[in-house]
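Residue-level structural notes
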Amino acid sequence: MVVPVIDFSKIDGTASERADTMAQIHNGCEEWGFFQLVNHGVPKDLLDRVKKVCSEIYRLREAAFMESEPVRTLESLVAAEQRGEAAAPVDDMDWEDIFYLHDDNQWPSNPPEFKETMREYRAALRVLAGRVMSAMDENLGLEKGTIDGAFTDGGRHVAFFGTKVSHYPPCPRPDLVTGLRAHTDAGGVILLFQDDRVGGLQVLKDGEWIDVQPLADAIVVNTGDQIEVLTNGRYRSAWHRVLPMRDGNRRSVASFYNPAFEARISPAVDGGAGAGEYPEFVFGDYMDVYAKQKFDAKEPRFEAVKAPKSG
Ligand SMILES: O=C(O)CCC(=O)C(=O)O
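What counts and what doesn't
- Residues numbered from 1 in each chain as written.
- Predicted model: local features only at pLDDT ≥ 70, side-chain atom pairs only at ≥ 80, totals over all residues.
- UniProt positions renumbered as here; feature names shortened; annotations may be inferred.
- Near = placed C-beta within 6 Å.
- Helix = DSSP H or I, 4+ residues; strand = E, 2+ residues; numbered from the N terminus.
- Nonpolar A, V, L, I, M, F, W, Y, C, P; charged D, E, K, R; others polar.
- Pairing = 2+ DSSP bridges.
- Axes fitted to C-alpha atoms, helices over the stretch in contact; angles between N-to-C directions.
- Contact = placed C-beta atoms within 7 Å.
- Buried ≥ 20, exposed ≤ 12 C-beta atoms within 10 Å, placed from the backbone.
- Parallel < 35°, antiparallel > 145°, perpendicular 65-115°, else oblique.
- Left-handed = near helix turned anticlockwise from the far one by under 90°.

With an unreviewed UniProt entry as reference, the protein chain is termed 1-aminocyclopropane-1-carboxylate oxidase, source organism Leersia perrieri. Annotation of the protein chain in UniProt includes, under Sequence similarities (unreviewed entry), the sentence "Belongs to the iron/ascorbate-dependent oxidoreductase family." As recorded by UniProt, the Pathway (unreviewed entry) comment attached to the protein chain reads in full: "Alkene biosynthesis; ethylene biosynthesis via S-adenosyl-L-methionine; ethylene from S-adenosyl-L-methionine: step 2/2."

Here we come to the site of the ligand. As a structural note, the neighbourhood of the ligand is formed by Lys 164, Ser 166, Leu 180, Asp 185, Leu 192, Gln 194, Leu 201, His 240, Val 242, Ser 252 and Ala 254. Among the elements of the structure, strand S4 (160–168), strand S6 (189–194), strand S10 (240–242) and strand S11 (250–258) are those that each provide at least two residues to the shell around the ligand. Here the shell around the ligand is composed, by residue class, of five nonpolar, four polar and two charged.

On to the sheet that holds S4. Taken together, seven strands build an open sheet; the order of strands is S1-S2-S9-S6-S11-S4-S3 and the sheet is mixed. What marks the edges here is a single partner per strand, and that holds for strand S1 (5–7) and strand S3 (97–101). The sheet shows a mean angle of 25 degrees between the axes of neighbouring strands, taken without regard to direction. Inspection of the sheet shows strand S2 (residues 34–38) paired to strand S9 (residues 219–223) by four bridges, in the antiparallel sense. Bridging from a neighbouring strand, Leu 37 pairs with Ile 219 of S9. Running over the sheet, helix H2 (residues 44–66) touches S3, S4, S6 and S11 and is turned about 110 degrees from S11.

Bringing the sheet that holds strand S7 (residues 201–205) into the picture now. In spatial order, the strands read S5-S10-S7-S8; together these four strands make up an open sheet with antiparallel pairing. Lying at the two open borders of the sheet, with one neighbouring strand each, are strand S5 (180–183) and strand S8 (208–211). This sheet shows a mean twist of 25 degrees between the axes of neighbouring strands, independent of strand direction. Bridge count between S7 and S8: four bridges; the pairing is antiparallel. In the strand pairing of S8, Val 203 is matched with Ile 210.

Here we come to the environment of Arg 119. When you line up the elements, Arg 119 lands in helix H4 (residues 114–139). Using a count of 13 C-beta atoms within 10 Å as the deciding quantity, one classes Arg 119 as partly exposed. When the C-alpha positions of Arg 119 and Leu 101 are compared, they lie 9.4 Å apart, and in sequence the two are 18 residues distant.

Looking now at the packing of H2 against H4. For the pair H2 and H4, the least separation of the axes is 10 Å and the interaxial angle reads 135 degrees. With respect to their mutual orientation, H2 and H4 come out oblique. Considering the relative orientation of H2 and H4, their crossing is left-handed. Note on element contacts: H4 touches H2 through Phe 114, Thr 117, Glu 120, Tyr 121 and Ala 124, opposite Leu 46, Arg 49, Val 50, Val 53 and Ile 57. Along the lines of polarity and charge, the residues of the contact of H2 with H4 split into seven nonpolar, one polar and two charged.

Structure representation (structure tokens):
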């Protein structure tokens, strides 16, 4: 099984190319919760610059990673093992170096081209997120703008758009720690620019972990828990994880197009089987629960934000 790869430029092609592309997107959302887009309109030159500034920034952060808790924890586990003690795998931390870019937080000012490149990249990705959401609206028989409108409460708020820059440095003992523990994403549409050589990302499909194969210049799309609620379970958020690798420093840049924290989320389409199970809630409340339960099953999160029934 291979995560679907979709040529997004064909959405502007002939009627039959468009219909075929829309069907592939629908299948990717319904059957996988993950797919890869090629020819997605984000210029290659911009992707190359993103790779360059993100690699440079890791070089500036590497010494701090080497002093970080995952590294120290692993070192002490290995030392214990050498003393003949049993080393149990760590299950509460990840072998990753990360930082976030939002519209209103402080960004690194080194290397000097970082800010400008990432501003340009985020603008391009915001456009791509809009195009992907429009395709989903159409595939679900919703009026254009429905998903985005739900994320902004009909334009009253601004959708949250965050970017997480991650590196998964080479790990000497991948048997003792995870790159990133299995989880589903909390938000809406996630667009990931992953390393084109070092793998490690896997998606759970029909009970089996499948590699999200590195593919040069592709953007991996996955849908989060809010899309699952809006679609009444038709597009379910998929579990995914990152395995640590002995060789290679994997880079990934994940951009999350999420509802505004104030947005009220509830199913926007009639559900099939399982309809009616999804509650209405405020996204910020969901995030409060998610912050504590990211690596747990999602159903108790939906349960936790369900408003108590009156009477
Ligand atoms: O780094 C990756 O490939 C995946 C990142 C991810 O799943 C997350 O940050 O939630």
